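Structural features, examined
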Amino acid sequence: MGKNKDLSNEKIAQVEILIKENLSMRQIGQRVGISHMSVKNIKDKLETGQPTSSRIGHCGRKRTTTTANDRYLLRSVKKMVRPTASELKREWESTGVAVSVSTVKRSLSELGCKNRAVRKVPLLTQAMKRKRLDFARKHANWTVDDWKKVNKQFFIFFFTYTLFFLNFIILGYFF
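Below, the structure is looked at part by part.

How each quantity is defined
Residues numbered from 1 in each chain as written. Predicted model: local features only at pLDDT ≥ 70, side-chain atom pairs only at ≥ 80, totals over all residues. Heavy atoms only, no water. Helix = DSSP H or I, 4+ residues; strand = E, 2+ residues; numbered from the N terminus. Buried < 20%, exposed > 50% of the residue type's maximum accessible area, 1.4 Å probe, protein only. Areas by Shrake-Rupley, 256 points an atom, 1.4 Å probe, with all protein chains shown as cover. 1 Å grid on protein atoms, 1.4 Å probe; cavity = no way out; pocket = protein on both sides within 12 Å on 5 of 7 lines; lining within 4 Å. Points joined across faces, edges and corners; volume = space filled by probe spheres on them. Nonpolar A, V, L, I, M, F, W, Y, C, P; charged D, E, K, R; others polar. Core = buried A, V, L, I, M, F, W, Y, C linked by side-chain atoms within 4.5 Å. Contact = heavy atoms within 4.5 Å.

Description of the overall build of the protein
A count of helical and extended segments in the protein gives eight helices and zero strands. Ordered by position in the sequence, the α and β elements of the protein form the string α-α-α-α-α-α-α-α. The burial tally for the protein puts 14% of its 175 residues in the buried class. For the protein, the computed accessible surface area is about 15000 Å², with 57% contributed by carbon and sulfur atoms.

Structure, rendered in structure tokens:
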């Protein structure tokens, strides 16, 4: 079984104190809340003079990318129009950094880039465009007060329609 995480300095200090009190390794492990093998490893390191927390800051696999690579990736995202992770991977590999698509996604996530799918919307037909233009021309001279009235009427309509629809669902009627 692998190592979950490094022991805190407080736990290591507790183990050192309890070792000096000549308690057994199992008793020390129970008191501190760690395994007796962890106690043994700490004891061996103290006897040989090795540092007790050698992994701090060096846990896990080394990064394949640097901060400069990450900045280049961020610039590429801003430069390209809706790039996919595969496109960014190819762009990144052109600079000599061999990475996978998942590494690109992880790096973008660490840099704070949100991954969202583009919302699919129907294309506007000529009839829709004509109606929009007619509406815009008809209402071009409206004042703010005119638009406020429209908004109130719309919300009243929307609210009553929603209540009507919910009543149908609650009562079990479907269209």
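From this point, the narrative continues.
Quick word on the layout of surface pockets
Considered as a void within the structure, the second largest pocket measures approximately 400 Å³ in volume. In terms of lining residues, the second largest pocket is bounded by 14 residues, among which Pro83, Leu108, Lys114, Asn115 and Arg116 are the most central. Breaking the lining of the second largest pocket down by element, the ones donating at least two residues are α5 (85-93) and α6 (101-110). By residue number, the principal contributor to the lining of the second largest pocket is α6, which donates three residues. Across the lining of the second largest pocket, the residue classes break down as seven nonpolar, three polar and four charged.

Overview of the nonpolar core
Ile12, Val15, Leu18, Ile19, Ile28, Val32, Ile34, Val39 and Ile42 form the largest nonpolar core, which has nine residues in total. Of all the secondary structure elements, the ones that give two or more residues to this core are α1 (9-20), α2 (25-32) and α3 (36-48). Among the elements that line this core, the one with the most residues is α1, at four residues. Every residue in contact with valine 32, bar those within four places of it in the chain, is listed here: Lys11, Gln14, Val15 and Leu18. Leu73, Trp92, Val99 and Val104 belong to the second largest nonpolar core, which has eight residues in total.

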